[in-house]
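Residue-level structural notes
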Amino acid sequence: MRSLWEPPQKRAKTSPTGSPSSRYFSSKLLLPLPYTIPVPPIHPILIDDVISYVLEFIDGPSGCQAAAVSKAFRDALIPRQRNVNLSGFSSPKGLLDGTFPFQSAQYLSGRDCDWVTDAFLRTTAAPTSPFPNISRIDLSGCKHMSSRGVKALVKGLGSRLTHFTQASSHKNGYCKDIKVTEATIKALAMAEKLQRLDLILPTKCRGECLQVLNEHESLEELHLLLVGFCPIRLPKHLPNLKELTIDTTEWTKFNWQTLETVNYPNLLKVTIHDRHNGEKISPLAPEMTLSQSHLLKLIAKAPLLQTVYIKAIGRASQIYNEDIQLLEGTMKKRNIVLDISLEEDFL
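First, a word on what this report is: a plain description of the structure on this page. (Residues numbered from 1 in each chain as written. Predicted model: local features only at pLDDT ≥ 70, side-chain atom pairs only at ≥ 80, totals over all residues. Heavy atoms only, no water.)

**Quick word on the state of the cysteines**
Keep this limit in mind: For this text, the term disulfide refers to a pair of cysteine sulfurs within 2.5 Å. Burial classes: relative accessible area under 20% of the type maximum marks a residue as buried, over 50% as exposed, and values in between as partly exposed (1.4 Å probe, protein chains only).
What the rule picks out here adds up to zero disulfides. The thiol of cysteine 209 is unpaired, and the distance to the nearest cysteine sulfur, on cysteine 205, comes to 4.7 Å. According to the relative accessible area criterion, cysteine 209 is buried, its value standing at 4%. This cysteine, cysteine 230, is not joined by any disulfide, and cysteine 209 carries the nearest cysteine sulfur, 7.8 Å off.

Below, the structure is given as structure tokens:
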């Protein structure tokens, strides 16, 4: 397809009268050369919509690198960027000196960042932070931070902190790299407006470590990946919890009997992954594997429950060997969606 403007291939002969049309028209084009297409003015609302659309495809590293070489980009996009991903940076240089003012940023991901330390978290939570409106934070795989940094973060952000994640990561997923401790959970329990908590709990977290969350009024989602050897018990009462996820490994010790004693009256969804291998944990106590009775007692105390997803792997799991007709019947009577998957062996 030929463009609207191109250099003339052949000039038409000038007429005796010197007609402008004969001088400025190409023999192959019907448009005068050069021809400019008028551009209509763009409404400011449309500009904001386009910027929002562009920002959906720009993460922290690429956005900041572009801003480093383009002042126009920095002035137009960075102040509007809502999600900041720090994973591609080798250091916090340029982030904490005010070069990139993320006034609109609400989500901060430091997943697998080796330079995320307690000092960085203190600066992030300070009044002069380049992220003044951060409310959701992901620190998964950050192995050079401690509970002191989390405590400073909670204290600095106050009621703004609504989502906190320190879960497993592809880069730093081993137990020695996990920095979640009982002091970490204790600090997070002080976040009054915390709505979602996603944690990986290693061996250093003992059985009653989650009890500091008991009676937390704003917590709506609790997602736990258990990789330790110490049986963990769930908080007894979370009045507004709507979603619960329990994920175990093949060597995890989790006291499933705790499902019978909890009281979550607003619970809507339960997701359970029971990867239990009896050959690696001996002796095998009944409360250490998921059973039908555990689930039935949990369901009885959750009048609003809508969905239950269960994935049990390994013959050592009690539910693998049980007749679950009673469980299925209860679910059908309550109009609860039950999605259950039972696998014989580990992959």
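Right, picking up where we left off after that structure.
**Side note on the environment of serine 135**
Basically, it comes down to this: Runs of E in the DSSP output that reach at least two residues are strands. Runs of H or I that reach at least four are helices, and both are numbered from the N terminus. Throughout, a residue-residue contact means that at least one pair of heavy atoms, one from each residue, lies within 4.5 Å.
With respect to the helices, strands and loops of the structure, serine 135 is situated in the loop between α5 (118-125) and β3 (136-138). As a C-alpha pair, serine 135 and tyrosine 107 span 28 residues in sequence and 6.3 Å in three-dimensional space. If we ignore the near neighbours within four places in the chain, the residues touching serine 135 are Gln106, Arg160, Leu161, Thr162 and His163.

**Concerning the side chain of histidine 294**
The cut-off we apply is this: Any N or O atom pair separated by 3.5 Å or less is treated as a polar contact, with the protein-specific requirement of one donor-capable and one acceptor-capable atom, and with residues adjacent in sequence counted only for side-chain atom pairs.
Relative to the elements of secondary structure, histidine 294 occurs in helix α8 (residues 292-300). Reaching out from histidine 294, the side chain makes a polar contact with the side chain of serine 291 at a distance of 3.1 Å.

**A few points about the packing of α8 against helix α10 (residues 325-333)**
Rule in force here: Angles run from 0 to 180 degrees between N-to-C directions of axes, and those axes are lines fitted to C-alpha atoms, restricted for helices to the stretch in contact. The cut-offs work like this: below 35 degrees is roughly parallel, past 145 is roughly antiparallel, 65 to 115 is roughly perpendicular, and the gaps in between are oblique. Here a crossing is taken to be left-handed if its near helix is turned anticlockwise relative to the far helix by less than a right angle, and right-handed if that turn runs clockwise.
In the contact formed by α8 and α10, the axes pass within 10 Å of each other and the chain directions differ by 20°. By the angle between their axes, α8 is roughly parallel relative to α10. Of the two possible hands of crossing, α8 and α10 adopt the one that is left-handed. Contacts from Gln292, Leu295, Leu296 and Ile299 in α8 reach Gln325, Leu326, Leu327, Thr330 and Met331 in α10.

**Comments concerning unusual backbone geometry**
Of note, the phi angle at glutamate 215 is positive, near 70°, even though the residue is not glycine. Positive phi, close to 60°, is recorded for asparagine 335, a residue that is not glycine. Counting through the fold element by element, asparagine 335 comes out in the loop between α10 and β10 (337-343). Given a relative accessible area of 69%, asparagine 335 falls into the exposed group.

**Structural notes on the pattern of salt bridges**
Keep this limit in mind: A side-chain nitrogen of Lys or Arg and a carboxyl oxygen of Asp or Glu constitute a salt bridge if their distance falls within 4 Å.
Taken as a whole, this structure holds five salt bridges when the rule is applied. In this structure, lysine 297 and glutamate 260 form a salt bridge, with 3.3 Å as the shortest nitrogen-oxygen distance. Here the residue lysine 297 occupies a position in helix α8, and glutamate 260 occupies one in the loop between β7 (243-248) and β8 (269-275), the gap between them amounting to 37 residues. Taken together, the shared-partner salt bridges in this structure form one network comprising Arg196, Asp198 and Glu221.

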